[in-house]
Amino acid sequence: MMPISIILPAKNEAPALRELLPRLRQMRPDDEIIVVDDGSTDETPQLCRDAGVQCLSSPYSMGNGAAIKRGARAASNDVLVFMDADGQHDPSHIERLLARLDQGYDMAVGARDWSGQAGVGRGLANTLYNNLAGWMTSHAVLDLTSGFRAVRAEKFREFLHLLPNGFSYPTTITMAFFRSAYAIAYEPIAVGKRTGKSHIRPLRDGIRFLLIIFKIATLYSPFKLFLPVSALFFALGSLNYGLTYHYQGRFTNMSALLFSAAAIVFLIGLVSEQITSLTYRR
């Protein structure tokens, strides 16, 4: 069995780690386990020492994505497994993800069903993200935001510079893998109820996740976003011109504005597509 590196970003997750770390060490005695302490104020470092796992401590909170990047850089094995430290993910499911990699996939994602969503609002938002990602990639995306995944380390590290420091690293890495033609598999899993309180704030992070939708589109294939918008402006301009020519017999400023907007948006999309191609030049 190939040794793996298991990375758990943690911020004040001591109640869950108290049970999770001994179980994880017992089930995966030969694997490297790294807890990235994102500025915790609880006993996370002590729990790591007691369980015999590596702890990377930060003097202040940098964000979930930053913890993921620190853990990926510190890991020494060829396969990385990321899982949440809040007790939601069952360590016994790791083997199922690794089996997907053995089948030739580059990343395997633990996909939650509706019962595994943290509330109706989060479920609806994740469904929106999944559908958007599916449209952008022309592939079925079962869980765009899952934090439980196994991935080949070499390929994951190619995109560390793209990953944000906040909560949207799963979204970004998934789209980057699709864009680079790396194979992704989704493995249905059940998740438990998290221990403790979530660090996600619905209002603040809801607005942030809404912006992520547009970021995903421009990061993966911007022309798929800009071309429909350009076509909409062109259609509105044509409609306005047809009506004003029929009733007034002239070409109005509004028609000119709409046609200009269509051309500008089209050109912005064209330039963005070239920049994206350079970003993924490897």
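Quick look at the structure, then. (Residues numbered from 1 in each chain as written. Predicted model: local features only at pLDDT ≥ 70, side-chain atom pairs only at ≥ 80, totals over all residues. Heavy atoms only, no water.)

## Section: the overall build of the protein
Let me state the cut-off plainly: Strands are runs of DSSP state E lasting at least 2 residues, helices are runs of H or I lasting at least 4, and numbering of each runs from the N terminus. Partly exposed describes any residue whose relative accessible area lies between the buried limit of under 20% and the exposed limit of over 50%, with all areas from a 1.4 Å probe on protein chains only and scaled to the type maximum. Working rule for contacts: check all heavy atoms of both residues, and any pair within 4.5 Å makes them a contact. Areas reported here follow the Shrake-Rupley algorithm with a probe of radius 1.4 Å; residue values treat only the protein chains shown as occluding.
In terms of regular secondary structure, the protein is built from ten helices and seven strands. Considering the protein as a whole, with its 282 residues, one finds that 49% of them fall into the buried category. Once local pairs closer than 6 in sequence are excluded, the contacts in the protein between residues at least 24 apart make up 74%. Accessible surface, the protein: about 14,200 Å² in total, of which carbon and sulfur atoms supply 60%.

## Details of the environment of Gly 147
As for its placement among the helices and strands, Gly 147 is situated in the loop between helix H5 (120-137) and strand S6 (149-152). When the C-alpha positions of Gly 147 and Tyr 169 are compared, they lie 8.5 Å apart, and in sequence the two are 22 residues distant.

## Observations concerning the sheet that holds strand S3 (residues 54-57)
What counts is decided by this rule: Strand pairing is assigned whenever DSSP identifies at least 2 bridges connecting the two strands. For helices, the fitted axis covers only the stretch in contact; all axes are lines through C-alpha atoms, and the angles between them, taken along N-to-C directions, range from 0 to 180 degrees.
Read across the open sheet, the seven strands follow the order S3-S2-S1-S4-S6-S5-S7; overall the sheet is mixed. Single-partner strands in this sheet number two, and they are S3 and strand S7 (184-188). Each adjacent strand pair in this sheet contributes to an overall mean axis angle of 20°, direction not counted. Relative to S7, strand S5 (residues 107-111) runs parallel, the two being bridged by five bridges. Across the sheet, Ala 111 pairs through a bridge with Pro 188, a residue of S7. Packed onto the sheet, helix H2 (residues 44-51) meets strand S2 (32-37) and S3 and runs at close to 170° relative to S2.

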